[in-house]
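Descriptive analysis of the structure
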Amino acid sequence: MNKITRACAVALVLLAASGALLWQSPDARAWGEAGHKLSGRAAATDLPKEMPKFFRQATAQLEYLNPEPDRWRSRVHVEMNEAFSYDHFVDMEMVPAAAFNAEDRYAYLVALYDAGIKKPETAGLLSFHIVELYQRLRAEFYLWRNAKDKRTRQWIEERIINDAGILGHYVADGANPHHTTIHYNGWDKHTPNPNNYTTDNTFHARFESEYVQTHISINDLLPKMNKTPSVLNNPRADVLQYLRDSNSQVVRLYEIEKRNTYNKNTTAPENKEFAIERLVAGAQMLRNLWWTAWVKSETEN
């Protein structure tokens with residue numbers, strides 16, 4: 001599949017509320033609505049009491065916002081879709097390691113172009129977008145700490161919850177190995193496939209949406225969460241390692257699919273174990289990023 005058309009890879013669905021047709025790509029639908037909500041709720045449940053009360057009381061809103069960037073997808077808003085579709089993934093196999101050392105997303109794109117990728121955005125921008133949103137959240141917490149009046153604080157609180165929820169979407173995207181690889185919807189047909197992994201282009205949706213919606217509940221995730229989040233000493237490096245760890249699970253995901261296909265009727269325990277593991281990884285990273293943004297917001301830089 002041409003990477004430029006990647007944002008249109010899944011069938012059109014009807015949005016009843018507005019009557020508009022939306023497209024949902026593999027890159028725009030990591031975990032589907034159900035999985036994104038599960039990730040958001042798990043991350044927001046029982047946050048440390050040291051976090052601001054308004055944030056700890058926003059569990060339901062943070063859960064709702066986790067799928068939000070997928071709701072923006074519209075066939076009539078082509079400029080927005082093209083601009084943001086590349087933020088949902090990164091194809092680790094395409095990116096020279098040195099490119100991740102770029103100062104920002106623009107220098108990263110130049111590095112990819114210089115490495116011979118003539119449409120560098122098609123390699124994905126997920127690692128940079130997560131860090132960009134984390135930095136915005138940290139800046140907002142700093143502004144909240146230093147606001148001089150109650151009304152200003154309330155406005156900043158609304159901004160914080162919104163951006164924390166949107167950050168959650170992209171962190172959850174990164175937990176799905178499909179969002180870190182060229183093998184994002186069946187094994188890439190232009191690469192060697194000696195183990196005969198599936199090339200079925202429904203795999204992405206079957207795993208993240210059909211299976212998760214019918215097999216996973218919040219009670220599967222919460223017992224596996226570390227309720228004490230970690231302060232990330234180097235959030236950018238930690239985010240990149242998180243995505244590399246997810247990418248390291250691509251072959252395992254395809255091996256599981258080879259043994260027991262992911263769908264609504266799957267009963268194999270290893271399929272469920274893997275899905276829970278990845279959702280928990282995303283929720284835990286999100287908690288860590290929220291917590292780090294709060295703790296480090298004591299200082300401006």
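Nothing here was measured: the structure is a model prediction, and the numbers come from that model. Starting afresh in each chain, residues are numbered from 1 along the sequence in its written order. Reporting in this predicted model follows two pLDDT cut-offs: at least 70 for local features of residues, and 80 or more for side-chain atom pairs to be given and counted; totals over whole chains, interfaces and linings ignore these cut-offs and use all residues. Excluded from the side-chain calculations are hydrogens and water; all other atoms, namely the structure's heavy atoms, are used.

**Remarks on unusual backbone geometry**
The phi angle of most residues is negative, glycine excepted, and most peptide bonds adopt the trans form. This is how it is decided: Helix and strand definitions here come from DSSP, where helices need a minimum of 4 consecutive H or I residues and strands a minimum of 2 consecutive E residues; each element is numbered from the N-terminal end. Exposed residues in this analysis have more than 50% of their type's maximum accessible area, buried residues have under 20%, and partly exposed residues fall in between, with area computed by a 1.4 Å probe over protein chains only.
Positive phi is not limited to glycine here, since Asp46 has a value of about 60 degrees. Positionally, Asp46 belongs in the loop between α1 (32–44) and α2 (53–56). A relative accessible area of 46% means that Asp46 is categorised as partly exposed. Positive phi, normally seen in glycine, also occurs at Asn196, with a value near 55 degrees. Mapped onto the elements of the fold, Asn196 is located in the loop between α8 (150–175) and α9 (203–215).

**Regarding the nonpolar core**
Selection rule: Joining through side-chain atoms within 4.5 Å is the link that ties buried Ala, Val, Leu, Ile, Met, Phe, Trp, Tyr and Cys residues into a set, and such a set is a nonpolar core. Here, two residues are considered to be in contact whenever any of their heavy atoms come within 4.5 Å of each other.
If you look at the biggest cluster of nonpolar residues, it comprises 78 residues, and the most contacted ones within it are Phe55, Tyr108, Phe141, Leu167, Ile216, Leu289 and Trp290. By residue number, the principal contributor to this core is helix α13 (residues 269–296), which donates 13 residues. Once you skip the residues sitting within four places of it in the chain, Tyr108 turns out to touch Val90, Val95, Ala99, Phe100, Ala102, Ala123, Gly124, Leu125 and Phe128.

**Quick look at the confidence of the model for the protein**
Selection rule: A residue's pLDDT is the confidence the predictor assigns to it, expressed on a 0 to 100 scale.
The pLDDT averaged across the protein works out to 91; a share of 90% of its residues lies at or above 70. Throughout residues 1–29 the model reports pLDDT below 50, and contacts reaching past four residues in sequence, or to other chains, amount to 75 contacts.

**Topic: the pattern of salt bridges**
Two side chains carrying opposite charge are able to pair once their charged atoms lie near each other. Keep this limit in mind: Salt-bridge detection follows one rule: a side-chain nitrogen of Lys or Arg within 4 Å of a carboxyl oxygen of Asp or Glu.
Applying the stated rule across the entire model yields 18 salt bridges. Its salt-bridge partner being Asp46, residue Lys227 comes within 3.4 Å of it at the nearest N-O pair. Here Lys227 is found in the loop between α10 (218–221) and α11 (235–247), whereas its partner Asp46 is found in the loop between α1 and α2, with 181 residues between them in sequence. Given the relative accessible area of 51%, Lys227 is considered exposed. Of the charged contacts in the structure, one is a salt bridge between Arg105 and Asp87, with a shortest N-O distance of 3.1 Å. Here Asp87 lies in the loop between α5 (78–84) and α6 (105–114) and Arg105 lies in helix α6, a separation of 18 residues in the sequence. Each member of the pair, Arg105 as well as Asp87, is classed as buried. One network of salt bridges, with partners in common, ties together Glu33, Lys37, Glu68 and Arg71.

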